[in-house]
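A structural walkthrough
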Amino acid sequence: MLKEKVEKILNLQITKEAYSSQLYLAMASWCEKEGYNGSASFLYRQSDEERMHMLKLLHYINDRGSHAIVDTLDKPACEFGSIRELFSKVLEHERFITESINECVEVCMTEKDYTTNQFLQWYVAEQVEEERNAQTIIDKLNLLGDDKARLYLFDRDMENFMVNAPTAQ
Ligand code: OFO
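Here goes a summary of the coordinates provided.

What to know about the packing of aromatic side chains
- Enumeration according to the criterion identifies eight aromatic pairs in this entry.
- Aromatic pair Trp30 and Phe80: ring centres 5.8 Å apart, planes at 80°, arrangement edge-to-face. Here Trp30 is found in helix α1 (residues 4-34), whereas its partner Phe80 is found in the loop between α2 (37-63) and α3 (83-110), with 50 residues between them in sequence.
- Residue Trp30 is classed as buried on the basis of its relative accessible area of 5%.
- For Phe80, a relative accessible area of 7% puts it in the buried group.
- For the ring pair Phe42 and Phe87, a centre distance of 6.3 Å and an interplane angle of 45° mean the geometry is tilted. Note that Phe42 is positioned in helix α2 and Phe87 in helix α3, a separation of 45 residues in sequence. Of the two residues, Phe42 and Phe87, both sit in the buried class.
- The lysine or arginine in question, Lys56, covers the ring of Trp122, its NZ or CZ lying 4.7 Å from the ring centre.

So, in structure tokens, the structure goes:
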């Protein structure tokens with residue numbers, strides 16, 4: 001059974017991962033509506049990844065004899081000024097999630113829950129990857145400027161942009 005503080009913060013993390021999934025779904029929908037089909041496809045995949053992150057936490061909590069709670073979610077933003085603005089928000093959000101994972105690790109260390117700390121290391125590594133991906137996309141967009149033809153090629157490449165995530169168990 002998990003200690004109360006660990007269970008509480010992991011349950012909060014479940015909600016954040018579920019929100020990430022909804023946020024990327026809303027972003028994918030905006031991209032699709034705007035004709036950025038490659039970016040939409042990337043974000044639909046990313047939304048599925050986040051749901052997997054949420055499920056991995058949920059199963060871990062229950063497997064440890066505690067209770068994973070499915071909570072209500074805030075409505076994510078659904079309008080964006082530009083594709084660049086959208087991906088800046090992805091990076092901002094991933095940085096927020098990294099902070100949040102670090103807080104989970106901190107609670108585990110204080111509570112001397114080394115097993116959960118080890119479990120969370122998967123998320124620590126994952127966040128390095130996700131922040132790097134978002135930064136790479138923004139760097140590409142900054143190089144393109146407002147050139148529509150290049151933006152078209154960028155979006156076409158996003159269709160195959162690898163999420164590259166380690167597989168969740
Ligand atoms: Fe994008 O992050 Fe989950 O963990």
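Moving on from the model shown.
Looking at the packing of helix α4 (residues 114-144) against helix α5 (residues 148-158)
- Two elements in contact, α4 and α5, have axes whose closest approach is 10 Å; the angle formed by their N-to-C orientations is 160°. One element, α4, and the other, α5, form an angle in the roughly antiparallel class. Viewed along their axes, α4 and α5 form a crossing whose handedness is right-handed. Counting all contacts with α4, which are made through Ile137, Lys140, Leu141, Leu143 and Leu144, the residues of α5 involved are Arg150, Leu151, Phe154 and Met158.
- For the contact of α4 with α5, the residue count by class is seven nonpolar, no polar and two charged.

Side note on the pattern of salt bridges
- In the structure shown here, the tally under the stated rule is five salt bridges.
- Across the salt bridge formed by Glu34 and Lys33, the nearest N and O atoms sit 2.8 Å from each other.
- Judged by relative accessible area, Lys33 falls into the exposed class, the value being 55%.
- The salt bridge involving Asp146 is made with Arg84; its shortest N-O contact spans 3.8 Å.

So, the packing of α1 against α2
- At their nearest, the axes of α1 and α2 sit 8 Å apart, and the two run at 165° to each other. As summarised for this structure, α1 and α2 are arranged roughly antiparallel, according to the angle between their axes. Of the two possible hands of crossing, α1 and α2 adopt the one that is left-handed.
- Its residues assigned to classes, the contact of α1 with α2 comprises 16 nonpolar, 10 polar and four charged.

Cut-offs used in this document
- Residues numbered from 1 in each chain as written.
- Predicted model: local features only at pLDDT ≥ 70, side-chain atom pairs only at ≥ 80, totals over all residues.
- Heavy atoms only, no water.
- Phe/Tyr/Trp six-rings, centres within 6.5 Å; stacked < 30°, edge-to-face > 60°.
- Helix = DSSP H or I, 4+ residues; strand = E, 2+ residues; numbered from the N terminus.
- Buried < 20%, exposed > 50% of the residue type's maximum accessible area, 1.4 Å probe, protein only.
- Lys NZ or Arg CZ within 6 Å of the ring centre and 35° of its normal.
- Axes fitted to C-alpha atoms, helices over the stretch in contact; angles between N-to-C directions.
- Parallel < 35°, antiparallel > 145°, perpendicular 65-115°, else oblique.
- Left-handed = near helix turned anticlockwise from the far one by under 90°.
- Contact = heavy atoms within 4.5 Å.
- Nonpolar A, V, L, I, M, F, W, Y, C, P; charged D, E, K, R; others polar.
- Salt bridge = Lys/Arg side-chain N within 4 Å of Asp/Glu carboxyl O.

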